[in-house]
Amino acid sequence: MKEPKIIEYDALVIGAGIAGGETALNLANTGYKVLLVEKDHSLGGKMILLSKVFPTLDCAACITTPKVSEIARHKNITVFTESEVTNISKESANNFVAQITKKPRYVHVDDCTACQLCEQACPVSVQDEYQYGLIGRKAAYIPFSIANPKAAVIDIENCTLCGACERVCPTQCIDFTMETEYYELHTKTVVLATGFTLFDPIEIPRYGYGRYKNVITSMQMEREIAPTRPYNTILRPGDGKVPDRIAYVLCAGSRDNTVGNPNCSQICCMYSIKQAQLLMGALPMADITIYYINIRSFGKGFEEFYQQAKSMGVEFVKGKIGEITEKDNGDLILRYEDINEGVVKEAEHDMAVLSVGVRSNPTIGKIFNNGALKFDPLNFVAQEDLMGSPSKTSIKGVFVAGTATGPMDIPDSILSAGSAASEAISYLTQHQEV
Amino acid sequence: MKERIGVYICHCGGNISDYVDVEKVRQAVQDDEGVVLAKTTVFACSDSNQTDMVNDIKEHNLDGVIVSSCSPKLHLTTFRDVTERGELNKYTYVHANIREQVSWAHSDDKIGATEKAIHVVKAAIAKSRYAKPLYPNQFEAEKTIAVIGAGIAGLKAAISLSDKNSNVVLIEKENRVGGHTATWGSLFMTDERGSELIDRIYSDLSQRENVFILTGSEVISSKGSIGNFTLKIRKKPQIAGDPVETMEINVGSIVVATGFEHYSPEEGEFAFAQNEAVITLPNFKQLVDESSGKVLEYNGKKIKNIAYVYCVGSRQTEGENKYCSRYCCTSVIHTAIETKKKFKGIQNIHLNRGIRTYGKQELLYAESLQMGDLYLQFNDDTPPEIRNEGKKTVVTVKDILSAGRELEMEVDLVVLVTGMVPRKDQSIGKMLKLPKGRDKFYNEVHMKLRPVETVIDGITIAGTCQGPKNISESVNSALSAATKSFSYVSKGTLETEPIVAEVDHEVCSWCGKCAEACPFDAIEKQEVNGKEVAVINTSVCKGCGMCTPVCPVDAIDLIGYTSEEMKSMIEVLA
Amino acid sequence: MTQSFNKNAKILVFSTEKISDPAIDMAGLMKLHYPPTVYTITVPCSSGIKPSWIMHAYEKGFDGVFIAADGTDCVFGETCTQKTGNVVSMAHDQMKEKEIDPARLRMAAICSVCSEAFVKQVRSFNDYLIKTLHAE
């Protein structure tokens, strides 16, 4: 390993999703120098990949793209993409030392014009993780059309080093000699905004995800209805048919001890209702059925949004799905207990969307020396003073923003980020060097 | 007159282009007088398009820029900043709203929407031809911040500001701080008592030198604007008979944290105020908290079977209060469990409309089920009925969880799970001109982009005055609001909006009508070149334009809204 | 001209930046439809509208002018309602001189969330204008 390069910032923010971005902006606008570290290739986290957002149906991109653009351009914010914080030790009240690994992108971002010639030239096709596997991408690729930075990436795992991309690149920005860089950061405060992971429904075999092509996750549906969507229309992946009967299976991986998650994921009811409304607009003839246990439309304007979906004709069935089976033609049979009538019923649908829940992000587990950072039983970052200072963690000077503490919708994540930034600014003010 | 205008027409990833033929709009405006560049773009606000715009401004030597996209409330500042990065004065930027007011409003009529979009963009071009570079003045901002309301949100906002070395005036109407939180017993999920939580925050706050706490005090008037608000405060006498004290304070920003009220059921609503055994959730919480002994008693009667009727005053299908009050499910289940643990023989029966213990609060619901609490669910159109049979209280409910079976039960106590409603006393909101949302709580500018800001510059909203929240959500909102208010004034200087009135001194022959119309006393009589004319004090003028229609000789215009500009826009739209 | 442009009246709306324009935006957000021949010009405050602009609109071919006034919510002070009223009466005087039906100018206070009220108002105004101006 090479000697790390020593760098210094007032604050380290880990994670550049909507919560981390908001925290960084708040700190930077107050005059502090911020290092924003993101493991992915783009800013914007999960929100930038969404279609529209509840309960106003604003387009997600319309909120995130200008925000990430502001972050990327801010004179007080430095962004490290493809980077991970591997270790943090607290030396004194206002001296945290963090080790950061910045992986090579094999593309000089400043020179790349995102012309996509490398993408066309690349002979390797793999599944596109930004489209949640719905379509493929190349090994030399632009992550997605509104990514920031908008520049090519070489997926070195799958690259055959054939050199085709290098030959067509008009700006010679592709560089296979790039190496992993190591940094040692000295900073006065740390904000964790590492977000959440989505439940992988492969853990519930009776839903058939992974076996039945027309059983998809809500994130895949989100991509199907997003403006930067893969098919440019809504269709079921099995045979490309435009679906007429779409089912939503709520609480997939939530409120379910059998998969180790007794929590309610807090967002699935609302995003499913939102998708249902968008689908009613895109496919006016389609029947949308939402199978639910309880509808949790608790936030500002949420209940009204739920009632609006009902009046649009979305069907709500109080019932938990027991099993999904596939017919020869790819149609699905959903077996469920109709809670209102107390009987087991079956219904046929063209497509089933599993409304997958929120899981903790395991990557921050061991960053801090001596296990000083505490977690709750489901591995979300523990809040030391939930009522008085929700963004304080077990380590003084380390704060937490957004879904790293548990499920949260976008408005709540943004308020939580405002709160974490507020605590961090206070900490910086109180721990100024004399 | 602008001669080199660049026009950008945004698809908004389909939000506009699904209903408006953006290419047709582009073609319709590209040859307009002064337009040298007309482009469509998938996302005008994206980083790559912003960079393109900056390059275009320089490369094509543009002197005016127009983006036709969403409402200016979202991204006017975004594009003003882009214009500035292109080294053009940001006030030469003109915005055209073709989403909220065209593509979405007319999504039922694509041809009509396209036609309207063309007119709207052409009107923006007309306005752009007149748009002048403007230069804001700097003025000194008062760095003290006022926080109105000393509940949990107000207290935490004050601490947060004090921590940032800001002076804070915390104003509370009641004689004590802590609001509703101080009245709660044990809190879910920490088991700390509400009063303990408030005590520890207050004892920290009360020691701080930069925080002035005014209890028993009301704001009775407000003057001024961001950077310089003057609040008049009336403080009730501490000792009866002492004179009422009034004082004035100058602050740069205001955090409004005036909180909520418990919904108060009407007489006869679920037998409230008619049957003694019917009480509200806050009263029940107090009863449980204050009672001791082995058995719970109310009005001298032993309590065993308790029915909780959910969503009283929330999720109403008719009239007001259509919203969910968010905290009540968790609050009542928590109290029901406490009651069962504290007293003997308690049976809890929850008559609900779907339990909303979101997130980690779900664990509480699971615990309650495990402890044997009974959950029955009713539909909004068949609410439970409560009647007296002699001395007994009987509840009937149609339980949809058992195929709509009608169940009847005798209970000792009925708890109406009342939700949160906005404060009846709206004087602060009226005084500060805060807009209210459809739920009648104060409204933020944008739930995701500017969640604690109001349309009134310099005033933020924190906690439940913006909508139902639990304690930690209120605190997050309070800290966000405090940071925002802090950022307004922390630099000590602010810029005035350069949109002010302008008098044509050639035409003006002082009559005083404009000065009479001005609500800010910004117009004075002065002698200019040997002639008495009206002169605008630009540091006081707020740019409302009230003076402009009253001038008998049409000598006053508002910059950016001159008759020339307005008439040229009207011509294009017609 | 398209069909929708023929069957509807042409209405110019004066909205205000902080109060009524947000309501008109929200009408769009909620997809509450109204005729696409309704155009909006935004001003800081409804009491700053000059009667000459209103007259100019009729001259150039607008069938109606609708002032989406701040009402008592005005951020610039209490006097807005009365002053906006004065603007309307000045315009009415000028309309009388030119023999323009005074009902072709309407005013209503539109609060920042009064989207439904706005749409109702412009629709009924549209109906009135079609009946009186475009009757066959």
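This is a predicted model, so every value here is computed, not measured.

A. Here's a closer look at the overall build of chain C. The helix and strand inventory of chain C stands at five helices and four strands. Listed N to C, the secondary structure of chain C is α-β-α-β-α-β-α-β-α in terms of helices and strands. For 136 residues, the compact-globule estimate of 2.2 N^0.38 gives 14 Å, and the C-alpha radius of gyration of chain C, at 14 Å, lies within 12% of that figure. Along the first, second and third principal axes, the C-alpha set of chain C runs to 45 × 40 × 20 Å.

B. Summary view of the interface of chain B and chain A. The interface of chain B with chain A comprises 61 residues on the first partner and 59 residues on the second. Put simply, the parts of the chain that give the side of chain B that touches chain A at least two residues each are helix 2 (47-59), helix 3 (72-85), helix 6 (152-163), helix 7 (194-206), helix 10 (362-370) and helix 12 (471-489) of chain B. Among the elements that make up the side of chain B that touches chain A, the one with the highest residue count is helix 12 of chain B (11 residues). Its residues assigned to classes, the side of chain B that touches chain A shows 26 nonpolar, 23 polar and 12 charged.

C. Highlighting the domain arrangement of chain A. Residue and element names in this part refer to chain A. Once the domains are mapped, chain A shows domain 1 (5-101 + 180-195 + 361-430), domain 2 (104-178) and domain 3 (199-357). The centre of domain 2, based on its C-alpha atoms, is set 34 Å off from the matching centre of domain 3. Each partner contributes to the interface: domain 2 provides seven residues, whereas domain 3 provides seven residues. When its residues are assigned to classes, the side of domain 2 that touches domain 3 shows five nonpolar, two polar and no charged.

D. Just the nonpolar core, in detail. One finds Val 34 and Val 249 of chain A together with Val 121 of chain B to be the most contacted residues of the largest nonpolar core, which totals 259 residues. Contact partners of Val 121 of chain B, with chain neighbours within four places excluded, come to Val 7, Ile 9, Val 25, Val 29, Ser 68, Ala 96 and Ile 98 of chain B. Within the second largest apolar cluster, 105 residues are counted, among which are Ile 254, Phe 270, Ile 306 and Leu 432 of chain B.

E. The arrangement of the sheet that holds strand 3 (residues 64-69) of chain C in detail. All names here are of chain C. Pairing within the open sheet is parallel, and its four strands lie in the order 2-1-3-4. Pairing within the sheet leaves two strands with one partner each, and these edge strands are strand 2 (38-43) and strand 4 (105-109). The mean inter-strand angle of the sheet, taken between neighbouring strand axes irrespective of direction, is 20°. Two elements, strand 1 (residues 11-16) and strand 3, share four bridges in a ladder whose sense is parallel.

F. Up close: the pairing of strand 7 (residues 168-171) of chain B. Residue and element names in this part refer to chain B. On strand 7, burial covers both faces: Val 168 and Leu 170 on one face and Val 169 and Ile 171 on the other are all buried. Taken together, strand 6 (residues 145-148), helix 6 and strand 7 form a β-α-β motif whose crossover is right-handed. Pairing between strand 7 and strand 8 (residues 211-214): four bridges, direction parallel. Residue Leu 170 lies in a different strand from strand 8, and its bridge partner there is Ile 213. On the question of chirality, the crossover connecting strand 7 to the parallel strand 8 by way of helix 7 is right-handed.

G. Representation of the packing of helix 5 (residues 218-225) of chain A against helix 6 (residues 268-282) of chain A. Residue and element names in this part refer to chain A. It is the contact of helix 5 with helix 6, at a shortest axis distance of 11 Å, that shows an interaxial angle of 35°. Helix 5 and helix 6 meet at a crossing whose hand is left-handed. Within the contact between the two elements, helix 5 uses Ser 218, Met 221, Glu 222 and Ile 225 and helix 6 uses Tyr 271, Ser 272, Gln 275, Leu 278, Leu 279 and Ala 282. Tallied by class, the residues present in the contact of helix 5 with helix 6 amount to six nonpolar, three polar and one charged.

H. Seen up close, helix 7 (residues 302-312) of chain A. Residues and elements named next belong to chain A. Of the positions making up helix 7, those classed as buried are Phe 302, Glu 303, Tyr 306 and Ala 309. Down the axis of helix 7, the sector holding all buried residues measures 120°, keeping them to one side. Seen from the open side of helix 7, the exposed residues pointing more than 90 degrees away from its buried face are Ser 311 and Met 312. At its buried positions, helix 7 is contacted by helix 6.

I. Examining the pairing of strand 16 (residues 287-292) of chain A more closely. Residues and elements named next belong to chain A. The element strand 16 is extensively covered by neighbouring structure, given that five of its six residues are classed as buried. Across five bridges, the pairing between strand 15 (residues 245-252) and strand 16 is parallel. Within strand 16, the residue paired with Tyr 248 across the bridge is Ile 290. One crossover worth recording links strand 15 to the parallel strand 16 by way of helix 6, and it is right-handed. The pairing of strand 16 with strand 17 (residues 315-326) spans four bridges and is classified as parallel. Each bridged residue has a counterpart across the sheet, and for Tyr 291 the counterpart in strand 17 is Val 317.

J. How the structure looks around the sheet that holds strand 9 (residues 217-225) of chain B. Residues and elements named next belong to chain B. With respect to topology, three strands assemble into an open sheet ordered 9-10-11, the strand pairing being antiparallel. Looking along the sheet, the strands with just one partner apiece sit at the ends: strand 9 and strand 11 (245-251). Pairwise comparison of adjacent strand axes, ignoring direction, gives a mean angle of 20° for this sheet. Relative to strand 10 (residues 228-235), strand 9 runs antiparallel, the two sharing eight bridges. Within strand 10, the residue paired with Glu 218 across the bridge is Arg 234.

K. Just the confidence of the model for chain C, in detail. Residues and elements named next belong to chain C. Averaged over all residues, the pLDDT of chain C equals 92, while 94% of them reach at least 70. Within the model, pLDDT remains below 50 along residues 1-5, and this stretch shows 11 contacts once partners closer than five positions in the same chain are excluded. If you check the scores for this complex, the pTM reads 0.93 and the ipTM reads 0.96.

L. Representation of helix 3 (residues 51-59) of chain C within the structure. Taken together, the buried positions of helix 3 of chain C are Trp 53, Ile 54, Met 55, His 56, Ala 57 and Tyr 58 of chain C. Looking at the residues trailing helix 3 of chain C, positive phi occurs at Gly 61 of chain C, about 115°.

M. Quick look at the packing of helix 6 of chain B against helix 7 of chain B. Residue and element names in this part refer to chain B. Their axes nearest at 10 Å, the elements helix 6 and helix 7 cross at an angle of 40°. For helix 6 against helix 7, the interelement crossing comes out left-handed. Of the residues in helix 7, those in contact with Leu 155, Lys 156, Ala 158 and Ile 159 of helix 6 are Ile 201, Tyr 202, Asp 204 and Leu 205. Partitioned by chemical class, the residues of the contact of helix 6 with helix 7 number six nonpolar, no polar and two charged.

N. Spatial organisation of the environment of Met 280 of chain A. All names here are of chain A. As for its placement among the helices and strands, Met 280 is situated in helix 6. A count of 18 C-beta atoms within 10 Å places Met 280 in the partly exposed class. Remark: the alpha-carbon pair of Met 280 and Gly 313, spanning 33 residues in sequence, is separated by 8.4 Å. Ignoring any residue separated from it by four or fewer positions in sequence, one finds Met 280 in contact with Ile 288, Met 312, Gly 313 and Val 314.

O. Spotlight on unusual backbone geometry. Pro 55 of chain A follows Phe 54 of chain A through a cis peptide bond whose omega is -5°. Residues Asn 148 of chain A and Pro 149 of chain A are joined by a peptide bond in cis, for which omega reads 5°. Looking at the element boundaries, Pro 149 of chain A is found in the loop between strand 10 (140-141) and strand 11 (153-154). Located in the positive-phi region is Asp 554 of chain B, a residue other than glycine, with phi close to 55°. Inspection of the secondary structure puts Asp 554 of chain B in the loop between strand 29 (531-536) and strand 30 (556-558). At Glu 99 of chain C, a position not held by glycine, the phi torsion is positive, near 55°. Relative to the assigned elements, Glu 99 of chain C resides in the loop between helix 4 (80-97) and strand 4. On the basis of neighbour counts, which here come to 6 C-beta atoms within 10 Å, the residue Glu 99 of chain C falls in the exposed class.

P. Spotlight on the environment of Cys 169 of chain A. Residues and elements named next belong to chain A. With respect to the helices and strands, Cys 169 occurs in the loop between helix 4 (164-168) and strand 12 (181-192). Note on Cys 169: 21 C-beta atoms within 10 Å, which makes it buried. As for Cys 169 and Leu 35, which are separated by 134 residues in sequence, their C-alpha atoms are 31 Å apart. Contacts of Cys 169, omitting those with residues within four sequence positions, involve Leu 117, Cys 118 and Ile 174.

Rules used in this analysis
Residues numbered from 1 in each chain as written. Chains lettered and ligands numbered in written order. Predicted model: local features only at pLDDT ≥ 70, side-chain atom pairs only at ≥ 80, totals over all residues. Helix = DSSP H or I, 4+ residues; strand = E, 2+ residues; numbered from the N terminus. Rg over C-alpha atoms; globule rule 2.2 N^0.38 Å. Contact = placed C-beta atoms within 7 Å. Nonpolar A, V, L, I, M, F, W, Y, C, P; charged D, E, K, R; others polar. Domains from an automatic or database assignment. Core = buried A, V, L, I, M, F, W, Y, C linked by C-beta atoms within 7 Å. Buried ≥ 20, exposed ≤ 12 C-beta atoms within 10 Å, placed from the backbone. Pairing = 2+ DSSP bridges. Axes fitted to C-alpha atoms, helices over the stretch in contact; angles between N-to-C directions. Right-handed = clockwise from strand over helix to strand, strands pointing away. Left-handed = near helix turned anticlockwise from the far one by under 90°. Arc of directions from axis to C-beta. pLDDT = per-residue confidence, 0-100.

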